[in-house]
Amino acid sequence: MKTTATNPKPSLNGNGKIHNGLNGTGNFIEDLIKICSENPGYVFTPEVIGKLSSLKKEDRLAFETVRVTLKKKIGFRLAVLDELIANANTETDREPNHAEILMSLAEDIELFHDQSGTAYADIDINGHIETWHIRSEGFSHWISRRFFHETKRALNSETLKSSLANFEAKARFEGQEQSVFLRTGTLDDKIYIDLCNNEWEVVEIDCKGWRVIKNPPIRFRRAAGMKELPVPIKGGSIDKLRDFLNVGSDGDFILAVSWILAAMRSQGPFPIMVLNGEQGSSKSTFSNILKSLVDPSASSI
């Protein structure tokens, strides 16, 4: 059987010396000159340029010695070498710009899009997930606030605008497609109702009953003007609602309750309520009460 020894590629170790698998460790200048005599292009590899760049910062005298020796013994054009080292220093030393800081701050958010291609972001805030439209005022405030807390500087409008465009592109072209609901949503025979409170709590309803949960399996967006629903409590009776509604019969009350239940669904068909009565019979009040029960908002009917 015949064996063949191969020489591994020499490399610079952490102490500014070149290490060769067969020859051991030698002096930085001597080993670099020896390798470059056989392979002149080796000095231009990122590894060597990086070591020379570090040597220039840590020991300028040693760096100048290496530099002059390369010129005398190998005949390198120092201008080319100096340019590569300067570029390495510039890339290493420069501070990240605002756009790079923003992208790094947003690494922990999930970007996605809905069926229409609208871009969204899932943000973890105080242990719960919030879903925001990328172009919404809420998301802009969140990213601006996070930038300020990190840098203690204000974010300029042009950087914010370009960063939002980057987030939107990543959400559309790299993110998954997800369904996004408004106030009510459904999944696997369960109904979810967004309470629109600061904790982003949701009521989950199924055949076994209902419960208030955080971080539901579906996503909700918030529209401007949406108001908070109260956290429900167990007990009570729907019959108490009748004291606030001007209805003429039990049948009319049943129709009103049926309309409320249907409004809790995220998909139609939906019944259309038609109110008949004389002027002053509280038709508008009736409508406002029902609306406030299922979807309170800053605007009335």
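For the structure, check the block above.
Let us look at the structure shown here.

Each value, and the rule that gives it
- Residues numbered from 1 in each chain as written.
- Predicted model: local features only at pLDDT ≥ 70, side-chain atom pairs only at ≥ 80, totals over all residues.
- Heavy atoms only, no water.
- Helix = DSSP H or I, 4+ residues; strand = E, 2+ residues; numbered from the N terminus.
- Contact = heavy atoms within 4.5 Å.
- Areas by Shrake-Rupley, 256 points an atom, 1.4 Å probe, with all protein chains shown as cover.
- Salt bridge = Lys/Arg side-chain N within 4 Å of Asp/Glu carboxyl O.
- Buried < 20%, exposed > 50% of the residue type's maximum accessible area, 1.4 Å probe, protein only.
- Core = buried A, V, L, I, M, F, W, Y, C linked by side-chain atoms within 4.5 Å.
- 1 Å grid on protein atoms, 1.4 Å probe; cavity = no way out; pocket = protein on both sides within 12 Å on 5 of 7 lines; lining within 4 Å.
- Points joined across faces, edges and corners; volume = space filled by probe spheres on them.
- Nonpolar A, V, L, I, M, F, W, Y, C, P; charged D, E, K, R; others polar.
- Expected span 1.5 Å × (residues − 1).
- Polar contact = N/O pair within 3.5 Å; in protein donor to acceptor, adjacent residues only side chain to side chain.
- Pairing = 2+ DSSP bridges.

### Regarding the overall build of the chain
1) Next: Each helix and strand counted, the chain has nine helices and 12 strands in total.
2) Next: Of the contacts formed within the chain by residues at least 6 apart in sequence, a portion of 56% connects residues at least 24 apart.
3) Next: A total of about 18900 Å² of accessible surface is found on the chain, and carbon and sulfur atoms cover 51% of it.

### Examining the pattern of salt bridges
1) Next: One pass over the full model with this rule turns up 12 salt bridges.
2) Next: The salt bridge involving Arg146 is made with Asp108; its shortest N-O contact spans 3.0 Å. With Arg146 in helix H6 (residues 137–151) and Asp108 in the loop between helix H5 (98–105) and strand S4 (110–113), the pair connects residues that are 38 residues apart, well separated along the chain.
3) Next: For Arg146, a relative accessible area of 26% puts it in the partly exposed group.
4) Next: For Asp108, a relative accessible area of 52% gives the class exposed.
5) Next: Ionic pairing is found between Glu168 and Arg172, a salt bridge with its closest N-O pair at 3.5 Å. A residue pair is termed a helical-turn pair when its members lie 3 or 4 positions apart in one helix, as Glu168 and Arg172 do in helix H7 (residues 157–173) at four residues.
6) Next: Classification of Glu168 by relative accessible area gives buried; the value is 13%.
7) Next: Overall, Arg172 belongs to the partly exposed group, its relative accessible area being 40%.
8) Next: Residues joined in a network through salt bridges with shared partners are Lys190, Glu204, Asp206 and Arg211.

### A short note on the nonpolar core
1) Next: Of all hydrophobic cores here, the largest spans 20 residues; its most connected members are Ile109, Leu111, Ile134, Phe139, Trp142, Ile143 and Phe167.
2) Next: Elements with a contribution of two residues or more to this core: H5, strand S5 (119–125), H6 and H7.

### Some details on the layout of surface pockets
1) Next: Quantified by volume, the largest pocket comes out at close to 1100 Å³.
2) Next: Lining the largest pocket are 25 residues, with Pro232, Ile238, Ile260, Met264 and Leu293 positioned closest to its centre.
3) Next: For the lining of the largest pocket, the leading source of residues is helix H8 (residues 250–263), giving three residues.
4) Next: Among the residues forming the lining of the largest pocket, the class breakdown is 19 nonpolar, four polar and two charged.

### Observations concerning H7
1) Next: Given a rise of 1.5 Å per residue, 17 residues ought to cover 24 Å, and the 24 Å separating the end C-alpha atoms of H7 matches this to within 8%.
2) Next: Turning to H7, its buried residues are Thr159, Leu160, Ser163, Leu164, Phe167, Glu168 and Ala171.
3) Next: Of the surrounding secondary structure, the elements contacted by the buried residues of H7 are H5, S4, S5 and H6.
4) Next: Structurally, the start of H7 carries an N-cap: the backbone nitrogen of Glu158 is 3.2 Å from a side-chain oxygen of Asn156.

### Focus on the pairing of strand S8 (residues 184–187)
1) Next: Note: S8 against strand S9 (residues 190–194), four bridges, orientation antiparallel. Among the inter-strand pairings, Leu187 is bridged to a residue of S9, identified as Lys190.
2) Next: Hairpin connection of S8 to S9: two residues between the antiparallel strands, including Asp188 at a positive phi of 50 degrees.

### Description of unusual backbone geometry
1) Next: With an omega of 10 degrees, the peptide bond between Gly268 and Pro269 qualifies as cis.
2) Next: Secondary-structure assignment places Pro269 in the loop between H8 and helix H9 (283–294).
3) Next: Positive phi, close to 70 degrees, is recorded for Arg183, a residue that is not glycine.
4) Next: A residue is classified by how much of its surface remains accessible, and Arg183, at 4% relative accessible area, is buried.

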